Amino acid sequence: MLRTVGDAEPTLTIAELVSYRRRHPLPAVEEPRVVRTAETELPTRHGRLRALGYLDLHTGADHLVLVRGEPHGEVTVRVHSECLTGESLGSLRCDCGPQLDAALERIGRDGGVLVYLRGHEGRAIGLRKKLAAYELQDAGLDTVDANLGIGQPGDARDYGAAAAILRDLDATRVRLLTNNPDKIRDLEAGGVSVVLRLPLTVGAAPANLGYLATKQHRMGHLFEGREVS
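Residues numbered from 1 in each chain as written. Predicted model: local features only at pLDDT ≥ 70, side-chain atom pairs only at ≥ 80, totals over all residues. Heavy atoms only, no water.

A. Looking closely at helix H7 (residues 160-168). Those residues of H7 that sit buried are Ala-161, Ala-162, Ala-163, Ala-164, Ile-165 and Leu-166. Residue Asp-170 follows H7 closely and has a positive phi angle near 65°. (Buried < 20%, exposed > 50% of the residue type's maximum accessible area, 1.4 Å probe, protein only. Helix = DSSP H or I, 4+ residues; strand = E, 2+ residues; numbered from the N terminus.)

B. Representation of the environment of Leu-141. With respect to the element layout, Leu-141 can be found in the loop between helix H5 (127-138) and helix H6 (143-149). Non-local contacts of Leu-141, meaning those with residues more than four positions away in its chain, are made with Leu-136 and Ala-146. (Contact = heavy atoms within 4.5 Å.)

C. Up close: the packing of aromatic side chains. One pass over the structure, following the stated rule, counts zero aromatic pairs. Lying over the aromatic face of Tyr-134, Arg-93 brings its terminal NZ or CZ to 4.0 Å of the ring centre. (Phe/Tyr/Trp six-rings, centres within 6.5 Å; stacked < 30°, edge-to-face > 60°. Lys NZ or Arg CZ within 6 Å of the ring centre and 35° of its normal.)

D. Geometry of unusual backbone geometry. Phi is positive for Ala-124, which is not a glycine, with a value near 75°. You can see Ala-124 is positioned in helix H4 (residues 121-124). The partly exposed category is assigned to Ala-124, whose relative accessible area is 28%. The phi angle at Asp-170 is positive, at roughly 65°, despite the residue not being glycine.

E. Region of the structure containing the pairing of strand E2 (residues 47-56). The buried fraction of E2 is high, at seven of 10 residues. When strand E1 (residues 34-44) meets E2, the two strands line up antiparallel, connected through 10 bridges. In the sheet register, Val-34 faces E2, and the bridge partner there is Asp-56. The hairpin turn running from E1 into E2, its antiparallel successor, is two residues long. When E2 meets strand E3 (residues 62-68), the two strands line up antiparallel, connected through six bridges. Residue Tyr-54 lies in a different strand from E3, and its bridge partner there is His-63. Taken together, E2 and the strand that follows it, E3, pair antiparallel across an intervening segment of five residues, in which Gly-60 is found at a positive phi of about 80°. (Pairing = 2+ DSSP bridges.)

Put into structure tokens, the structure is as follows:
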């Protein structure tokens, strides 16, 4: 209630201010998930790409984004999880290296965005724990049970940072290169519309058929017209 004290300016009591704010709360301010820290050019065997660095304010991870062309309209996008063993060392226990190469080849040729998420090694359990899980896989467990066997989640990744990066790039309508429905759900929840899923089925080898079968049958990954066993 507005009061006038003598000839002074109208005043409000603290209690009245508190009561008003309870009835009219301030709109929530969303904390940023990522911040862009650098931008440069990166010549690669897939062409000259624009490289952007992002800091993940939730996890402290450094993420890398590679862009060819202007990411407007419906953009071809690959959201890729870090995998040192598969990408840098050529491990055949997974299909991560071939997937990264195929995605970069397509983006370098046709344009698009690759979001490379650091901190996702071993489905976000880290390199040392990933190797420990490999030991259990050597003894016969599949990928999921091996992670669980060392007290870790079957898959601890989230793609909220990827959604925030794509929003920062104004790439909010995407054609997503993925076999993983979880990526689609997380991006959609983060404000990015996945208008088309583009399959990325590459890298099958005798050493990883069991791994691919686990992704298909236990993680729900989609392999069109193909039963992995």
